[in-house]
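# Results of the structural survey
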Amino acid sequence: MYSFQEDDETSFDTEFENQMAITPETMSELKTICCVDSLRCHPVDKPPDTDVVPSNPTLRTLIQRKKRQDYKDSLKINKIGRHDLYLDELERLAFGKKPENAVDLLSEGELILGINVYYPAVFERSKRERPHITLSMLGSHYLSDLRDAICCVSDLQVCGEFSNVPDMAPDFISKDLYKSAFFYFEGVFYNDMRSPECQDISTIVIEWAKSRNLPTYTQAKMEDTRLVDLKVKLGYPYLYCHQGDCEHLVIITDIRLSHKDDCLDKRLYPLLTHKHRVVTKKCSVCHVYIGRWVTTNDKLAPKDPCLFCSKCFRTLHYDSEGNKLGDFLAHPYADPGAFN
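Numbering of residues begins from 1 in every chain and follows the order in which that chain's sequence is written. Only residues with pLDDT of 70 or above have their local features reported here, since the model is predicted, and side-chain atom pairs are shown and tallied only from 80 upward, although totals for entire chains, interfaces and linings are computed over all residues. As a convention, hydrogens and water are excluded, and side-chain values are obtained from all of the structure's heavy atoms.

## Structural notes on the overall build of the chain
Here is the rule: Numbering of helices and strands starts at the N terminus; helices are DSSP runs of H or I of at least 4 residues and strands are runs of E of at least 2. Exposed residues in this analysis have more than 50% of their type's maximum accessible area, buried residues have under 20%, and partly exposed residues fall in between, with area computed by a 1.4 Å probe over protein chains only. A contact between two residues is defined here by any heavy atoms of the two lying within 4.5 Å.
In terms of helices and strands, the chain carries 9 helices and 11 strands. Within the chain, buried positions represent 33% of all 340 residues. Put simply, of all contacts in the chain between residues at least 6 apart along the chain, 60% involve residues at least 24 apart.

## Brief notes about the nonpolar core
Note the threshold: By nonpolar core we mean a set of buried residues, namely Ala, Val, Leu, Ile, Met, Phe, Trp, Tyr and Cys, connected to one another through side-chain atoms within 4.5 Å.
Residues Ile115, Leu143, Leu146, Phe183, Phe185, Tyr190 and Leu227 are the most contacted members of the largest nonpolar core, which totals 22 residues. Broken down by secondary-structure element, the contributors of at least two residues to this core are β1 (111-120), β2 (131-138), α6 (143-149), β3 (181-185), β4 (188-191), β6 (237-242) and β7 (246-257). Val158, Cys306, Phe308 and Phe328 belong to the second largest nonpolar core, which has 13 residues in total.

## Side note on the packing of aromatic side chains
Here is the rule: Side-chain rings of Phe, Tyr and Trp, where Trp is taken by its six-membered ring, are said to pair if the distance between their centres is within 6.5 Å; with planes under 30 degrees apart they count as stacked, over 60 as edge-to-face, and otherwise as tilted. Definition used: whenever NZ (Lys) or CZ (Arg) falls within 6 Å of the ring centre and also within 35 degrees of the ring normal, the charge is taken to sit over that ring.
Under the criterion given, the structure shown has 15 aromatic pairs. Each member of the aromatic cluster is reached from another via a ring pair, and the members are Phe183, Phe185, Tyr190, Tyr236, Tyr238 and Tyr240. For Lys233, the ring lying beneath its charged end belongs to Tyr236, and the centroid distance is 4.8 Å. The ring of Phe328 carries Lys324 above its face, with NZ or CZ at 4.7 Å from the centroid.

## A few points about unusual backbone geometry
The linkage connecting Tyr269 with the following residue, Pro270, adopts the cis geometry, with an omega of 0 degrees. Considering the arrangement of structural elements, one finds Pro270 in the loop between β7 and β8 (271-275). With an omega of -5 degrees, the peptide bond running from Asp304 to Pro305 counts as cis. As for its position among the elements, Pro305 is in the loop between β9 (293-296) and β10 (306-308). At Ala21, a position not held by glycine, the phi torsion is positive, near 55 degrees. When you line up the elements, Ala21 lands in the loop between α1 (9-20) and α2 (24-33). What makes Ala21 exposed here is its relative accessible area of 69%.

## So, the sheet that holds β9
Quick reminder of the rule: Paired strands are those between which DSSP finds at least two bridges. Note on definitions: angles span 0 to 180 degrees between N-to-C directions of axes, and those axes are lines fitted to C-alpha atoms, for helices only across the stretch in contact.
Pairing within the open sheet is antiparallel, and its 3 strands lie in the order β10-β9-β11. Edge strands, defined here as strands with exactly one partner in the open sheet, are β10 and β11 (329-332). Sheet twist, expressed as the average angle between the axes of neighbouring strands with direction ignored, equals 30 degrees. Here 4 bridges tie β9 to β11, and the two strands are oriented antiparallel to one another.

## Quick notes on the environment of Asp335
This is how the line gets drawn: Polar contact criterion, stated in full: a pair of N or O atoms within 3.5 Å, where within protein one must be able to donate a hydrogen and the other to accept it, and residues adjacent in sequence count only if both atoms are side-chain atoms.
Here Asp335 shows up in the segment after β11. For the pair Asp335 and Leu156, spaced 179 residues apart in sequence, the C-alpha to C-alpha distance is 9.0 Å. Excluding anything up to four places from it in sequence, Asp335 contacts Val153, Thr280, Lys281 and Ile290. Within the structure, Asp335 has its side chain in polar contact with the backbone nitrogen of Lys281 (distance 3.0 Å).

## Points about the sheet that holds β2
Two strands in a sheet stick together by hydrogen bonds in their backbones, pointing the same way (parallel) or opposite ways (antiparallel). Pairing within the open sheet is mixed, and its 8 strands lie in the order β5-β4-β3-β6-β7-β1-β2-β8. Two strands in the sheet have a free side with no partner beyond their single neighbour: β5 (218-221) and β8. Going from strand to strand, the sheet's axes swing by 25 degrees on average, the running direction of each strand aside. Sheet analysis places β1 next to β2, joined by 7 bridges and oriented antiparallel. Paired with Asn116 across the two strands is Thr134, which belongs to β2.

## What to know about the state of the cysteines
Short version of the rule: Whenever a pair of cysteine sulfur atoms sits within 2.5 Å, that pair is classed as a disulfide.
Under the defined criterion, the tally for this structure stands at 0 disulfides. Here Cys151 is not cross-linked by a disulfide; its sulfur's nearest cysteine counterpart is in Cys152, at 8.0 Å. Judged by relative accessible area, Cys151 falls into the buried class, the value being 17%. Left without a disulfide partner, Cys312 is nearest to the cysteine sulfur of Cys309, which lies 3.5 Å away.

## Quick word on the pattern of salt bridges
Note the threshold: What makes a salt bridge here is a side-chain nitrogen of Lys or Arg within 4 Å of a carboxyl oxygen of Asp or Glu, nothing more.
Under the defined criterion, the tally for this structure stands at 12 salt bridges. Across the salt bridge formed by Asp148 and Arg194, the nearest N and O atoms sit 2.9 Å from each other. With Asp148 in helix α6 and Arg194 in the loop between β4 and α8 (203-211), this residue pair connects regions lying 46 residues apart in the sequence. Between Asp192 and Arg194 there is a salt bridge whose closest N-O contact spans 2.9 Å. Exposure remark for Asp192: the relative accessible area of 2% places this residue in the buried category. A cluster of three or more residues bridged by salt bridges with shared partners is formed by Arg147, Asp148, Asp192 and Arg194.

Here it is, written out as structure tokens:
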């Protein structure tokens, strides 16, 4: 009769020896050969990796699996992406660079500031959250030097309609017409007054603040203010405004003393260390060249408004003598990717 109660190992071995008529030595050998541990291919504390196939398998399933793994490995290309490769390209070009003339050598103990300039607040999608450019500037630079180093597509816009005189369009960019601009740092508006055509466009903001009992703001000239004289907070957003309402966030991310691995040629400053790349918009006709013209009320165009490169625009809308064909309006277009 069987019982649910298990016998102890010694009594079980003795009974098994008597029934099988074997010696204790044979019993011990059987226990060693038929032990569960002898059936394992690996230690209990070191389980095998099921994703690893032996180098010389004999089972057909493992042979086919090995071939599949080798094929997948052959498709992998170990190389750095284009964006990762050129991420710090501009900074590497000036690494440790020294001037040919000792007069242009950077002074020992000179301050170097890292400045991020962001896209305008009205720029499409989330690009306003990324730095448009990153600059390294010296403490001896003036704010006007910072303004001149900032590139923005708004400065390249051409105001007006030029369908009758398309050759005149490049002569009227916004940067030459509207030269006023200001920086705002810690309650002070720094205006660009270098040109007689410049206006103090911060006055309207100051008057608006006074009418609402806000803190009093002061004014200064950016061409008379050096970066080393500013009172700023690291990582705090400040403002650069130009073209009337094109507003950029300016964040000073780093202030430190120069060292030997920096670019020691002061003529190269302000130094552009990073520039965000924007996808350019192609011509709606050839889909090859960058768009330069936008037409409206154009019966010859596939859509309204329509983007054209210079070649397609002139070929479609003007004859061999430059005479206008049809009735349409043409405006010059400045692509955001022009600074790539």
